[in-house]
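Structural overview
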Amino acid sequence: MAPIASLPQASALEVRGRRSRWSAPAREGGAVSMATRAQPRQLCLAGSGRAVALATGGAASAEGPGRPGPLRDETLGVVSVPSQWRGVQGIRGETKSCQTVSIATAEASAQTRKHADAQVQTEPPVPVGVLPGPRHDGPGLAAFLRRVEAMVIRELNKNWQSHAFDGFEVNWTEPQQTVTCLHTLGYPPAQGQGLHVTSVSWNSTGSVVACAYGRLDDGDWSTLKSFVCAWNLDRRGLNPRQPSAVVEVPSAVMCLAFHPTQPSHIAGGLYSGEVLVWDMSRPEDPLLWRTGLTDDTHTDPVYQVVWLPEPRYSHRFRVLSVATDGKVLLWQAAGPGQLQLTEGFALVVQQLPRNTKLKKPHRGETEVGTTAVAFSGFDPSLFVLGTEGGFPLKCSLAVEEVALTRMPSSVCLRAPAQFTFSPHGNLFLSAGTDGHVHLYSMLQAQPLTSLQLSHKYLFAVRWSPVRPLVFAAASGEGDVQLFDLQKSSQKPTVSVRQTQDGSPVYCLEFNCQQTQLLAAGDAKGTVKVWQLSTEFTEQGPSETEDLEQLAAEVAT
């Protein structure tokens with residue numbers, strides 16, 4: 001801050017008399033100027049040392065004693081009177097200054113790199129002018145190779161014909177756990193009722209897994225209440241005992257299937273024979289459509305539902321349902337809350353292929369119950385049905401033959417079983433209550449191979465969505481078994497324990513979006529999400545060729 005300069009003291013009052021004009025001392029706050037024509041006055045100025053008489057007004061008169069003389073101009077000396085008031089009230093000034101904290105400075109230096117020189121000698125230097133001597137005896141080595149040639153060729157031929165190391169691969173990496181459990185999910189109210197997880201399904205984004213609760217053994221079905229639960233695995237703060245969405249259902253839910261493109265829409269089949277579609281994003285009113293209890297509805301439990309695109313509109317989907325009453329039905333939304341039957345098929349004994357080994361049905365029973373369905377990846381109209389008799393049937397949606405059945409229906413039911421085979425070498429898997437998994441080709445009736453996986457039931461089997469030679473099976477002994485046919489066709493590559501008490505595993509499903517995830521549900525009401533290593537998710541260069549070769553070996 002700059003110092004403040006002091007102001008000078010007020011100047012002295014200056015009075016000059018000329019004729020009738022005079023100046024009085026200035027008052028505080030300004031100057032006052034006066035002109036008077038009254039009687040003569042005397043003004044005594046302090047500090048002048050004398051009195052000065054000034055007369056104003058009146059006419060001129062003669063001079064004389066006792067008389068005033070005529071007025072004359074007179075110039076008087078300057079009288080300076082210092083202003084006492086300004087001296088007292090004068091402005092006082094003071095000089096001030098301040099200094100901020102001094103800034104500390106320092107100098108530093110750093111070295112970022114250090115250099116060092118080093119030399120490595122791999123071989124001792126050869127003296128100049130000295131040639132290295134021979135390291136081997138050429139003629140002797142050639143003679144040795146000629147002597148052992150026949151013996152080496154003979155042993156190589158033996159090894160070539162041996163199968164001792166078939167399927168053996170050298171693993172240059174450290175062994176790692178190939179399957180780990182990420183989540184153990186459950187709904188306590190359903191588990192408290194002793195309900196089983198009868199089906200699991202992943203939504204179209206791969207982030208939500210849903211399960212159906214019901215029972216696969218004997219029970220009082222008239223009073224049983226069931227649930228459909230869903231968990232969003234990507235949600236922060238996931239509670240494995242509290243689903244993201246819960247739907248109460250008045251009947252046991254036997255199967256589920258998420259919509260292929262709508263992440264929140266899910267179809268379910270009930271023990272009562274109904275087919276329903278829910279919107280899991282609407283917790284207050286999730287029901288979208290239902291078939292209702294009409295003549296078109298299944299009369300037995302629905303064991304599988306599948307979403308199928310419409311032939312002319314690929315963005316529209318219908319729901320296909322199969323049940324143990326022998327009917328295969330196609331449903332389409334036909335208004336608010338209603339599913340309408342558009343097509344139907346029925347399996348009857350009289351219209352099955354002749355090579356079908358089916359036990360003679362009871363008197364009056366002609367329908368063959370179906371428990372599973374799988375569609376071909378080459379022909380969208382071609383599908384395989386699993387039946388209660390334990391054999392798969394090749395069927396087609398394009399058939400026109402009328403089914404010989406008396407079951408009531410609003411549409412004409414057709415017989416789907418076909419003898420026409422696809423020219424493609426399709427392979428499919430089937431699992432049954434005998435504990436075997438059968439690998440079939442669409443080109444012949446007999447299975448390509450049969451694997452004994454369990455001494456109890458096998459409830460589900462699924463192909464991997466990314467590796468053609470990998471599949472998983474759900475065991476009645478509480479295991480989830482993973483097979484890699486490229487490594488072994490006789491035993492599982494990995495078998496993980498789902499339940500500690502040996503309760504059955506009823507269902508499983510691969511995640512088509514996050515292919516390292518596999519969900520499995522069991523009789524304890526628990527859904528476990530297993531994470532697979534890259535051993536099961538990365539396809540090898542020749543897997544597709546190996547699968548085609550496996551199918552061609554039987555076709556020829």
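Residues numbered from 1 in each chain as written. Predicted model: local features only at pLDDT ≥ 70, side-chain atom pairs only at ≥ 80, totals over all residues. Heavy atoms only, no water.

1. Digging into helix 2 (residues 138–161)
In an α-helix, one full turn covers 3.6 residues, which means residues spaced three or four apart are oriented alike. Look at helix 2: 34 Å from first C-alpha to last across 24 residues, which is about the 34 Å you get at 1.5 Å a residue. Residue Val148 marks the point of greatest curvature in helix 2, where the axis turns by about 45°. (Helix = DSSP H or I, 4+ residues; strand = E, 2+ residues; numbered from the N terminus. Expected span 1.5 Å × (residues − 1). Bend = angle between axes of the 7 residues up to and from the residue.)

2. Comments concerning the pairing of strand 8 (residues 196–202)
Burial analysis of strand 8 places 7 of its 7 residues in the buried class, the great majority of the element. Pairing of strand 8 with strand 9 (residues 208–214), which is carried by 6 bridges, proceeds in the antiparallel orientation. Across the sheet, the residue bridging to Trp202 is Val209, located in strand 9. The turn linking strand 8 back onto strand 9 is made up of 5 residues, and Gly206 within it adopts a positive phi angle of 80°. (Buried < 20%, exposed > 50% of the residue type's maximum accessible area, 1.4 Å probe, protein only. Pairing = 2+ DSSP bridges.)

3. Regarding the sheet that holds strand 9
Here 4 strands make up an open sheet; going across it, the order is 8-9-10-11 and the pairing antiparallel. Edge positions in the open sheet fall to strand 8 and strand 11 (245–249), since each of these has one partner strand only. In this sheet, neighbouring strand axes are inclined to one another by 15° on average, regardless of whether the strands run parallel or antiparallel. (Axes fitted to C-alpha atoms, helices over the stretch in contact; angles between N-to-C directions.)

4. Topic: the pattern of salt bridges
Inspection of every chain in the model, using the stated rule, returns 10 salt bridges. Across the pair Glu274 and Arg290 runs a salt bridge, and its minimum N-O distance is 3.0 Å. With Glu274 in the loop between strand 13 (265–270) and strand 14 (275–279) and Arg290 in strand 15 (residues 287–290), this residue pair connects regions lying 16 residues apart in the sequence. For Glu274, a relative accessible area of 6% translates into the label buried. Classification of Arg290 by relative accessible area gives partly exposed; the value is 30%. One salt-bridge network, held together by shared partners, links Arg318, Glu343 and Arg414. (Salt bridge = Lys/Arg side-chain N within 4 Å of Asp/Glu carboxyl O.)

5. Overview of the state of the cysteines
In protein structure, a disulfide is the covalent linkage between the sulfur atoms of two cysteines. Under the defined criterion, the tally for this structure stands at 0 disulfides. Unpaired in this structure, Cys229 has its nearest cysteine sulfur neighbour in Cys211, at a distance of 5.1 Å. Since its relative accessible area comes to 0%, Cys229 is described here as buried. (Disulfide = S-S within 2.5 Å.)

6. Remarks on the confidence of the model for the chain
On average, residues of the chain score 78 in pLDDT, and 70% of them are at 70 or above. Of all the helices and strands in the chain, strand 1 (residues 13–15) carries the lowest mean pLDDT, 36, while strand 14 carries the highest, 97. Taken together, the stretch residues 420–424 has pLDDT below 50 and engages in 8 contacts with residues farther than four places along the chain or on a different chain. (pLDDT = per-residue confidence, 0-100. Contact = heavy atoms within 4.5 Å.)

7. Examining the nonpolar core
Proteins that are soluble and globular tend to have nonpolar side chains buried together. Cys211, Tyr213 and Trp231 are the most contacted members of the largest nonpolar core, which has 22 residues in total. Residue assignment for this core shows that the elements contributing at least two residues are strand 8, strand 9, strand 10 (226–232), strand 32 (517–522) and strand 33 (526–532). Formed by 20 residues, the second largest nonpolar core is a distinct cluster that contains Val302, Leu341, Ala346 and Met407. (Core = buried A, V, L, I, M, F, W, Y, C linked by side-chain atoms within 4.5 Å.)

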